[in-house]
Amino acid sequence: MSLRRSIYKTPAQLRAMVEPGLITAAALEAARGLIAPGVTTGELDAAASALITGRGAKSNFQMVRGYRHTICASVNEQVVHGIPGDRALEPGDIVSIDAGAEYKGWNGDSAFTVVLDDPTRPEIVAERQRLSDVTEGSLWAGIAALATAKHLGEIGAAVQGHIEANEPGYGILREYVGHGIGRKMHESPSVFNYRVSDPGPEVRPGLVLAIEPMVVTGDQATFVEDDGWTVSTLDGTPGSHWEHSVAVHDGGIWVLTAPDGGAAGLAPFGVTPAPIA
Ligand code: MG
Ligand code: MG
């Protein structure tokens, strides 16, 4: 009934995506601030929900068919799509929180990972923190690549290259990928976290992507738990998930879901983000 929507946004549309990005960032920060042993993932969900509604926005996760929550909370061998609820966080847990906000018809989507301290298991904590750090690094490597990439495929190559250069034994999930984002949370194109033969669409102003590496210390094979959502590793090794929504515009790139536009994360890669004018 209508022409297929272009994957490239106009400058006005990019400006409209700034606020939902910042609300998404604030919702994740509200959840992050509560993370401690004994706190349930349901309490994190409530905090993120209150933040989003308090800013006049809506949880876009609640608009996903069959999903009733504001965040996904994935603990230990769960990599993504964990359902928040009664589970209380424990010392040594690695927990990934994913959330998004829709504001005035435009969407943000972002995720982070935290490792809870456990003085009785320092090796476990160090291994899981390393996993989170390398996964986060691979996200920033992918975002940095976007600053100079000619085609989308260069992002996945940068993500995979970062993992291989730091922890070649890690697995990168293959069945789950990043995506375009705009009027809908999930739009074309798919953003792979690994090298693919197809160079993919052209990178040029107007492209907005949710880049989201999902990485595990062991084999990348996963299964969906009986709840129908939670994606866990088959071998039980822990996972980490980091995500940002990023815009390419006339002046450069800007990380919509980071209050500093990604300046801190991009600095090690020699990339300076430019605000959307
Ligand atoms: Mg997400
Ligand atoms: Mg996403």
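Here is a short report on the structure shown in this document.

What counts and what doesn't
Residues numbered from 1 in each chain as written. Chains lettered and ligands numbered in written order. Predicted model: local features only at pLDDT ≥ 70, side-chain atom pairs only at ≥ 80, totals over all residues. Heavy atoms only, no water. Donors = N, O, S within 2.8 Å, 3.2 Å for Na, K, Ca; no water. Helix = DSSP H or I, 4+ residues; strand = E, 2+ residues; numbered from the N terminus. Buried < 20%, exposed > 50% of the residue type's maximum accessible area, 1.4 Å probe, protein only. Contact = heavy atoms within 4.5 Å. Pairing = 2+ DSSP bridges. Phe/Tyr/Trp six-rings, centres within 6.5 Å; stacked < 30°, edge-to-face > 60°. Lys NZ or Arg CZ within 6 Å of the ring centre and 35° of its normal.

Attention shifts here to the coordination of the magnesium ion (ligand 2). In the first shell of the magnesium ion (ligand 2), the protein supplies D109 (OD), H179 (NE2), E212 (OE) and E243 (OE), at 2.1 to 2.3 Å from the metal. Donor residues for the magnesium ion (ligand 2) sit on one chain with the sequence pattern D-x69-H-x32-E-x30-E. Between the magnesium ion (ligand 2) and the magnesium ion (ligand 1) the interatomic distance comes to 3.2 Å, and D109 is a ligand of both metals. Remark: E212 occurs in the loop between β11 (208–211) and β12 (214–216) and D109 occurs in the loop between β6 (106–107) and β7 (110–115); sequence separation between them is 103 residues. D109 sits in the buried class, given a relative accessible area of 2%.

As a further point, take the environment of H186. Secondary-structure assignment places H186 in the loop between β9 (178–180) and β10 (187–191). Along the chain, H186 and A210 lie 24 residues apart, while their C-alpha atoms are 8.6 Å from each other. Excluding its chain neighbours within four sequence positions, the residues that come into contact with H186 are D109, H179 and G180.

The subject of this paragraph is the pairing of β10. As judged from the three bridges shared by β9 and β10, these two strands associate in the antiparallel manner. Across the sheet, the residue bridging to G178 is V191, located in β10. Taking the residues that link successive antiparallel strands as the turn, the β9-β10 hairpin has six residues.

Within the protein, the atoms that donate to the magnesium ion (ligand 1) are D98 (OD), D98 (OD), D109 (OD) and E243 (OE), at distances of 2.0 to 2.6 Å. Motif for the magnesium ion (ligand 1), donor spacing along one chain: D-x10-D-x133-E.

A negative phi angle is the norm for most residues apart from glycine, just as the trans form is the norm for most peptide bonds. Cis geometry marks the peptide bond from S188 to P189; its omega dihedral reads 0 degrees. For N76, which is not glycine, the phi torsion reads 60 degrees and is therefore positive. With respect to the element layout, N76 can be found in the loop between β2 (71–75) and β3 (78–80). Not every positive phi belongs to a glycine, and K104 is a case in point at roughly 50 degrees. Mapped onto the fold, K104 is located in the loop between β5 (101–103) and β6.

With that settled, the discussion passes to the packing of aromatic side chains. Within the structure shown, the criterion is met by three aromatic pairs. Ring centres 6.5 Å apart and planes at 70 degrees place the aromatic pair F61 and Y67 in the edge-to-face group. For F61, a relative accessible area of 7% corresponds to the buried category. Taking 5.6 Å as the distance between ring centres and 55 degrees as the angle between the ring planes, the aromatic pair formed by F192 and Y194 counts as tilted. Given a relative accessible area of 33%, F192 falls into the partly exposed group. Linked through ring pairs, F61, Y67 and W229 together constitute an aromatic cluster. The aromatic ring of F112 is capped on one face by R32, whose charged end is 4.1 Å from the ring centroid. A cation sits over an aromatic face here: R174 above Y194, 4.6 Å from the ring centre.

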